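Coordinate inspection notes
Residue strings, one per chain:
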Amino acid sequence: MKNDNEKRHWFRGKRSPSPSLFIFIWILVALGVLLQTFLPVLIHIRDDSLTIAGQFGDSFGFISSLMATLAAVGAWKAVEIQNEERAERDTQFREQVTLTRTQAFENTFYSLLAHHNTLVAGTDIWQRQRVSHDDGNVDYKYIHQHVGRDAFKRLLSTLRNALGRVKKTEDLDLIKSIYAKFYDKFEDDIGHYHRTLYHIVRFVDESDGIDKAFYIRLLRAQLSNSEQVLLLYNCSVGPGFEKFRPLIDKHALLHNIRLTNAGFAWERDILCPIFQKDAFREDPIT
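Read on for a plain summary of the structure. Just so it is clear, the model here is predicted, and its values are computed rather than measured.

1. Section: the overall build of the protein
Counting its regular elements, the protein contains ten helices and two strands. Its helices and strands in sequence order give the protein the pattern α-α-α-β-β-α-α-α-α-α-α-α, from N to C terminus. Counting all 286 residues of the protein, 32% fall into the buried class. Across the protein, every contact between residues at least 6 apart in sequence was considered, and the portion connecting residues at least 24 apart equals 73%. When the accessible area of the protein is evaluated, it comes to approximately 18400 Å², of which 55% is carbon and sulfur surface.

Spelled out as structure tokens, the structure:
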């Protein structure tokens, strides 16, 4: 119903094809019929002029056929012009609908991107310090608040420290177990973050008539390296494995990730192979 309303609005005010061509054609046809019917009556035919009248009638028959042919050609040309005008209007309408849909997509996409950045800016993690008392009790005090992207650096550092104490880092099940505890502790922060990011990527993936690679690049440019490494964990040994990981493979969302610290070799040797190579591919424009 929406498309019909748009089409009626698009066609409103459009000038209809000029009827002059059709009027001219029907005038030709009418003249042919009138001449063929009434001209012999208007001519004074004597008994001795029947032969001349017959010859004139034969000549007029040729003229009538010629006029009928011209009328048919004119009618065909009129239909052709009308079809061309209709095709042009349909093309303009489709272009207008495509433009409207693209604008609607962009409005939604940039709103989601702004929400994502607001979510990142509002993330805060407190750093604690262990305090031992003289009576043997142990307590913790908060000494520093990490905000925004600095909070994601702190989250990654916390996760890596937990994994760094594991001797058998090649044990994938053990990595999953440690990440599950980490996720449960910080779910209010990283859970909400990853779900929002997933829905943005899915929105781009399911939209038609857009340059998907362009919008994915815009999104990917918003991600810090710490965010991408946390995304690597979430989609290899965490809740994002089933639904989010295929989208990361498809759209090369980990293209900009840097794993240069030799102390966390399991990230490159164990977690990266869980993804397809396309997840790290280089696009023509990065």
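2. A few points about the packing of helix α5 (residues 172-185) against helix α6 (residues 187-205)
Contact geometry for α5 and α6: axes closest at 6 Å, N-to-C directions at 95°. Considering the angle they form, α5 stands roughly perpendicular to α6. Residue-level inspection shows Tyr 179, Phe 182, Tyr 183, Asp 184 and Lys 185 of α5 in contact with α6, the latter providing Glu 187, Ile 190, Gly 191, His 194 and Arg 195. Of the residues assigned to the contact of α5 with α6, the class counts are four nonpolar, two polar and four charged.

3. A short note on unusual backbone geometry
Backbone geometry places Ala 252, a non-glycine residue, at a positive phi of 50°. Along the polypeptide, Ala 252 turns up in the loop between α9 (244-251) and α10 (265-271). For Ala 252, a relative accessible area of 0% corresponds to the buried category.

4. With respect to the nonpolar core
The biggest cluster of nonpolar side chains holds 52 residues, and the ones touching the most others in it are Tyr 233, Phe 244 and Ile 248. Among the elements of the structure, α3 (50-121), α4 (149-164), α5, α6, α7 (212-220), α8 (225-236), α9 and α10 are those that each provide at least two residues to this core. Ranked by residue count, the leading element in this core is α6, at seven residues. Setting aside residues no more than four positions away along its own chain, Phe 244 makes contact with His 194, Leu 197, Tyr 198, Val 201, Leu 231, Cys 235 and Leu 253.

5. Considering the pattern of salt bridges
Two side chains carrying opposite charge are able to pair once their charged atoms lie near each other. Taken as a whole, this structure holds five salt bridges when the rule is applied. Among the salt bridges present, the one from Arg 160 reaches Glu 267, with a minimum N-O distance of 2.9 Å. Of this pair, Arg 160 sits in helix α4 while Glu 267 sits in helix α10, and the two are 107 residues apart along the sequence. When the shortest N-O distance is used, the salt bridge between Lys 250 and Asp 205 registers 2.7 Å. One end of the pair, Lys 250, is in helix α9; the other, Asp 205, is in helix α6, with 45 residues separating them in the sequence. Residue Lys 250 is classed as partly exposed on the basis of its relative accessible area of 47%. A relative accessible area of 15% means that Asp 205 is categorised as buried.

6. What to know about α9
Extensive coverage of α9 is indicated by the burial of six of its eight residues. Among all positions of α9, only Phe 244, Arg 245, Leu 247, Ile 248, Asp 249 and His 251 are buried. In this structure, the buried residues of α9 make contact with α6, α7 and α8. Positioned one or two residues after α9, Ala 252 has a phi angle of 50°, which is positive.

7. Points about the packing of aromatic side chains
Taken as a whole, this structure holds 13 aromatic pairs when the rule is applied. On the numbers, 5.8 Å between centres and 45° between planes, the contact of Tyr 179 with Phe 182 is tilted. One end of the pair, Tyr 179, and the other, Phe 182, are both in helix α5, three residues apart, so they sit about a helical turn from each other. Taken as a pair, Tyr 179 and Phe 182 share a single burial class, namely buried. When the centroid spacing of 6.2 Å and the interplanar angle of 80° are considered together, the rings of Phe 275 and Phe 280 count as edge-to-face. Its relative accessible area of 6% is what places Phe 275 among the buried residues.

Conventions used here
Residues numbered from 1 in each chain as written. Predicted model: local features only at pLDDT ≥ 70, side-chain atom pairs only at ≥ 80, totals over all residues. Heavy atoms only, no water. Helix = DSSP H or I, 4+ residues; strand = E, 2+ residues; numbered from the N terminus. Buried < 20%, exposed > 50% of the residue type's maximum accessible area, 1.4 Å probe, protein only. Contact = heavy atoms within 4.5 Å. Areas by Shrake-Rupley, 256 points an atom, 1.4 Å probe, with all protein chains shown as cover. Axes fitted to C-alpha atoms, helices over the stretch in contact; angles between N-to-C directions. Parallel < 35°, antiparallel > 145°, perpendicular 65-115°, else oblique. Nonpolar A, V, L, I, M, F, W, Y, C, P; charged D, E, K, R; others polar. Core = buried A, V, L, I, M, F, W, Y, C linked by side-chain atoms within 4.5 Å. Salt bridge = Lys/Arg side-chain N within 4 Å of Asp/Glu carboxyl O. Phe/Tyr/Trp six-rings, centres within 6.5 Å; stacked < 30°, edge-to-face > 60°.

So far we have only geometry, and geometry alone does not tell us how the molecule works.
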